[in-house]
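Each chain, letter by letter, is given below.
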Amino acid sequence: VFPSHHTAPGDQHACDEGIRDSEFAACQGLLLQDDPGPEWELLSDKPSGKVWTKKDAGSCTPVYRAHATMSESLPQLVEALTDVSRRKEWDEYCTEITEMQRISDTSVIYWRVKFPFPLSDRDYVYYRRTKTLPNGDVLVLSRSAPNNAHKQQVPGVIRVDDFRTRCALRPTPSGGVEYRMEYREEQAG
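Residues numbered from 1 in each chain as written. Predicted model: local features only at pLDDT ≥ 70, side-chain atom pairs only at ≥ 80, totals over all residues. Heavy atoms only, no water.

Visitor: Explain helix α2 (residues 74–82) here, please?
Guide: Because each turn of an α-helix spans 3.6 residues, side chains separated by three or four positions end up pointing in the same direction. For α2, the complete set of buried residues consists of Leu74, Leu77, Val78 and Thr82. Along α2, the residues classed as buried sweep out an arc of 120 degrees about the axis, all on the same side. On its buried side, α2 packs onto β3 (62–70), β6 (122–132), β7 (138–144), β9 (163–171) and β10 (177–185). (Buried < 20%, exposed > 50% of the residue type's maximum accessible area, 1.4 Å probe, protein only. Helix = DSSP H or I, 4+ residues; strand = E, 2+ residues; numbered from the N terminus. Arc of directions from axis to C-beta. Contact = heavy atoms within 4.5 Å.)

Visitor: Explanation requested: the packing of aromatic side chains in the structure shown.
Guide: The relative placement of two aromatic rings is captured by the distance of their centres and the angle of their planes. Overall, the coordinates contain 5 aromatic pairs when judged by the stated rule. Ring centres of Tyr124 and Phe163 lie 5.0 Å apart, and the angle between their planes is 80 degrees; on these two criteria the pair is classed as edge-to-face. Remark: Phe163 occurs in strand β9 and Tyr124 occurs in strand β6; sequence separation between them is 39 residues. Owing to a relative accessible area of 4%, Phe163 belongs among the buried residues under this scheme. Across from the ring centre of Phe115, 4.6 Å away, lies the NZ or CZ of Arg122, which sits over that ring. (Phe/Tyr/Trp six-rings, centres within 6.5 Å; stacked < 30°, edge-to-face > 60°. Lys NZ or Arg CZ within 6 Å of the ring centre and 35° of its normal.)

Visitor: What should I look at first to understand the side chain of Glu185 in this one?
Guide: Considering the arrangement of structural elements, one finds Glu185 in strand β10. Arg122 provides the closest opposite charge to the buried, salt-bridge-free Glu185, at an N-O distance of 5.7 Å. (Lys, Arg positive; Asp, Glu negative; His and termini not counted. Salt bridge = Lys/Arg side-chain N within 4 Å of Asp/Glu carboxyl O.)

Below you can see the structure in the form of structure tokens.
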């Protein structure tokens with residue numbers, strides 16, 4: 001039995017491990033650095049943006065950071081990042097995505113991704129929370145939900161149990177968006 005799409009007010013047991021307010025500080029910090037630091041290796045440097053990588057502390061898992069400026073408006077980009085009903089419009093590898101539950105301002109999302117043969121598809125069950133700051137910046141945090149409490153594993157699909165995404169978006173004077181993202185995923189399979 002899966003949790004219902006919406007949970008009654010006060011019943012927050014399903015998201016006890018959800019995204020806490022304190023986790024937004026690291027996300028907001030992405031907007032404070034133009035260069036992430038010497039421990040990061042620059043992978044791509046193009047006029048449209050930059051991508052860096054480093055190994056996560058205490059593991060061999062790579063962490064990626066991207067900085068870009070986009071011409072879309074802030075509301076358009078936030079909608080593209082958070083509206084699960086539209087994800088398939090721009091993500092050709094998304095085979096399924098559903099908001100399974102929403103508790104207050106935290107969503108529990110199931111996302112299945114097509115991988116090329118001979119690799120198995122991957123799926124994710126994750127928490128996502130968005131916060132708009134008083135200055136207009138928008139922070140979007142996603143991270144894996146613990147265990148399989150929200151969605152049973154699908155046979156033949158590899159569950160990614162450990163990942164995190166931090167996105168920080170700031171409107172630019174020209175009406176576009178400064179986009180900063182940090183992504184970490186423990187590859188499964």
